[in-house]
Amino acid sequence: VSKQVLEQVLSELQPLCTSEQQFLQEFFWLGCDSVELRAPEVRVSTVSSPGPLSSLAHLPEEATTQLLSEIFSCLEPELRAFLDICNKVHPLGCLQVLVTLSDSVFGTCDSSSASPSSFLHTLLGNVLLLAKSNFNKHVGTLCKEIEEAKTPSRMRGGILPCVSHFQEFVVLSEEVFQTSRRRGELDKAQLSLASSVFSSINSLSSANLKVNRDMVMMENFHHLHKFLCQKNIPCLEDKKREAKQRSSEHMEKYVTTYLGQPLERLRHFFEGVKARLAQGVKEEEVSFQLAYSKQELRKVIEKYPGKEIKRALETLYRTIHKHLSPEENLLPVVWQAMEQEFIRQYREFEELIQRCYAGAGIALDFTMEDLLSYFNSITTSN
């Protein structure tokens, strides 16, 4: 409603000011080169009777502007008061006011039709500066609220409130700016808010989380990337790429953290083997290290029969399902990443056994085919 009223007010101002200007110029001959100013039944010589009117005759544009400013002296205060009302009616009313005023000011400037002198353009320019200031203050407040927002108490995962608020702003602002040719202020606002959202996610504390921190961050950055892909906003291209990168990084951290659990002792054993190799121990001499002897390796392998591996993977799947929010539907993606990393880890173990324990007849209790069947069985049964 405020948008329609403001548009109506602005649409009526130009013809009003134009007609008043024409009257002033015709009545006082402000636009003529004549030495004299004429009024009905009055002749005032600019030479014999110097005064306000004679001084106006030499500066027709300034004279018109001065007279219009006096006639419409209440116009700017009234417009400023109306802007305050618009800002209070809706949280983002300042955005609509900014767009409407900006289009009106630059539309008047670009128009090929007769301009109502510099008076109206100057007036609207002053009010536009106020609208920009109000909008920037509002965006600054939003940024501060996002950055200082606390994580919901004992959050169980899902999309953070700051991400949802950012989306709401972008959707509404893009709708408002749909027909506007000038969006410099909006681009700066969206970038500022996006930076605040990224900062808020990065500072996410695990203290108030009931689930893994990396998982929550992965989901939120993934959600932002998907949203920015849908909107395709040029000024947010870098943020879109950053969101994708951060989502991948945190998924990798999550996978690495939880994948170690099904093969924890095996993983620690072979990390020790790799550390000895890095220190310069020859491959054929690793098995003579007391902690990494053939006997110790067999003891560790015995802890991981195939059926235990399958059971551990099933537990892992349930844990991931519990951590993930249903809205993002990332379970297949994360589970596939788990499978790929698990296979990579398995191949690494097999390679180290062949390199450092060659001829000892030592092998893991499960094969690659067994491993693939475990993952396939879990995927198809859930």
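Here, every reference points to the structure presented above.
Because the structure is predicted, anything quoted here is derived from the model rather than measured.

Along the polypeptide, Leu101 turns up in helix α5 (residues 93–110). Counting along the chain gives 23 residues from Leu101 to Leu124, while the straight-line C-alpha distance between them is 7.2 Å. Residue contacts for Leu101: discarding those within four places in its chain leaves Leu10, Leu83, Leu124, Val127, Leu128 and Ala131.

Moving on to the nonpolar core. In summary, soluble globular proteins display a tendency toward joint burial of nonpolar side chains. With 55 residues, the main nonpolar core has Leu101, Phe166, Ile201 and Leu224 as its most contacted residues. Among the elements of the structure, α1 (2–28), α4 (75–89), α5, α6 (117–148), α7 (161–176), α8 (184–202) and α9 (213–231) are those that each provide at least two residues to this core. Ranked by the residues each element gives to this core, the list is headed by α6, at 11 residues. Composition of this core by domain shows at least three residues from each of domain 1 (1–29 + 61–106 + 116–133) and domain 2 (149–251). The next biggest cluster of nonpolar side chains, apart from the first, holds 49 residues, and it includes Leu277, Leu324, Leu352 and Phe366.

In this section: the environment of Ala149. Following the sequence through the fold, Ala149 ends up in the loop between α6 and α7. Given the relative accessible area of 46%, Ala149 is considered partly exposed. The spatial distance from the C-alpha of Ala149 to the C-alpha of Cys162 is 7.8 Å, given a sequence separation of 13 residues.

On to the packing of helix α13 (residues 306–323) against helix α15 (residues 368–380), then. Packed helices, taken two at a time, are described by the angle between their axes plus the distance between the axes. Following both chains from N to C, one finds α13 and α15 inclined at 35°, their axes separated by 10 Å at the closest point. Our pair here, α13 against α15, has a crossing hand that is right-handed. On α15, the residues that touch Gly306, Lys307, Ile309, Lys310, Leu313, Glu314 and Tyr317 of α13 are Leu371, Tyr374, Phe375, Ser377 and Ile378. Tallied by class, residues from the contact of α13 with α15 come to seven nonpolar, two polar and three charged.

Let us now look at α9. For α9, built from 19 residues, the straight-helix expectation of 27 Å at 1.5 Å per residue is met to within 8% by its first-to-last C-alpha distance of 27 Å. Once α9 ends, the next one or two residues include Asn232, with phi positive near 55°.

What follows deals with the pattern of salt bridges. A complete count under the given rule lists 17 salt bridges for this structure. The salt bridge involving Glu185 is made with Lys188; its shortest N-O contact spans 3.6 Å. Here Lys188 and Glu185 lie together in helix α8, a separation of three residues that amounts to about one turn. Residue Glu185 is classed as buried on the basis of its relative accessible area of 18%. One salt bridge connects Lys274 with Glu348, and the closest N-O pair in it is separated by 3.1 Å. Taken as a pair, Lys274 in helix α11 (residues 264–278) and Glu348 in helix α14 (residues 331–356) lie far apart in primary sequence, 74 residues in all.

A negative phi angle is the norm for most residues apart from glycine, just as the trans form is the norm for most peptide bonds. The phi dihedral of Asn232 falls on the positive side, at around 55°, and the residue is not glycine. With respect to the helices and strands, Asn232 occurs in the loop between α9 and α10 (237–259). Here the phi dihedral of Asn329 falls at roughly 55°; this positive angle occurs in a residue that is not glycine.

Tracing the sequence through the fold places His323 in helix α13. Take His323: its relative accessible area is 8%, and that puts it in the buried class. Looking at His323, its side chain comes within polar contact range of the side chain of Tyr254, at 2.8 Å.

Before going further, it helps to spend a moment on the environment of Val5. Within the fold, Val5 resides in helix α1. Given a relative accessible area of 34%, Val5 falls into the partly exposed group. Placed 77 residues apart in sequence, Val5 and Phe82 show a C-alpha to C-alpha distance of 9.7 Å.

The next point concerns the side chain of Glu219. Checked against the element boundaries, Glu219 lands in helix α9. The side chain of Glu219 sits in the buried core without any salt bridge; Lys226 is the nearest counter-charge, 9.3 Å away. When near neighbours in sequence (up to four residues on either side) are disregarded, Glu219 contacts Gly158, Ile159, His323, Leu324, Ser325, Glu328 and Leu330.

This part covers the packing of aromatic side chains. Per the stated rule, a full pass over the model turns up nine aromatic pairs. Look at Phe198 and Phe221: their rings are 5.4 Å apart centre to centre, the planes differ by 65°, and that puts the pair in the edge-to-face class. Here the residue Phe198 occupies a position in helix α8, and Phe221 occupies one in helix α9, the gap between them amounting to 23 residues. Summarising the burial analysis for this pair, Phe198 and Phe221 share the class buried. On the numbers, 5.0 Å between centres and 45° between planes, the contact of Trp335 with Phe375 is tilted.

Quick notes on the rules
Residues numbered from 1 in each chain as written. Predicted model: local features only at pLDDT ≥ 70, side-chain atom pairs only at ≥ 80, totals over all residues. Heavy atoms only, no water. Helix = DSSP H or I, 4+ residues; strand = E, 2+ residues; numbered from the N terminus. Contact = heavy atoms within 4.5 Å. Core = buried A, V, L, I, M, F, W, Y, C linked by side-chain atoms within 4.5 Å. Buried < 20%, exposed > 50% of the residue type's maximum accessible area, 1.4 Å probe, protein only. Domains from an automatic or database assignment. Axes fitted to C-alpha atoms, helices over the stretch in contact; angles between N-to-C directions. Left-handed = near helix turned anticlockwise from the far one by under 90°. Nonpolar A, V, L, I, M, F, W, Y, C, P; charged D, E, K, R; others polar. Expected span 1.5 Å × (residues − 1). Salt bridge = Lys/Arg side-chain N within 4 Å of Asp/Glu carboxyl O. Polar contact = N/O pair within 3.5 Å; in protein donor to acceptor, adjacent residues only side chain to side chain. Lys, Arg positive; Asp, Glu negative; His and termini not counted. Phe/Tyr/Trp six-rings, centres within 6.5 Å; stacked < 30°, edge-to-face > 60°.

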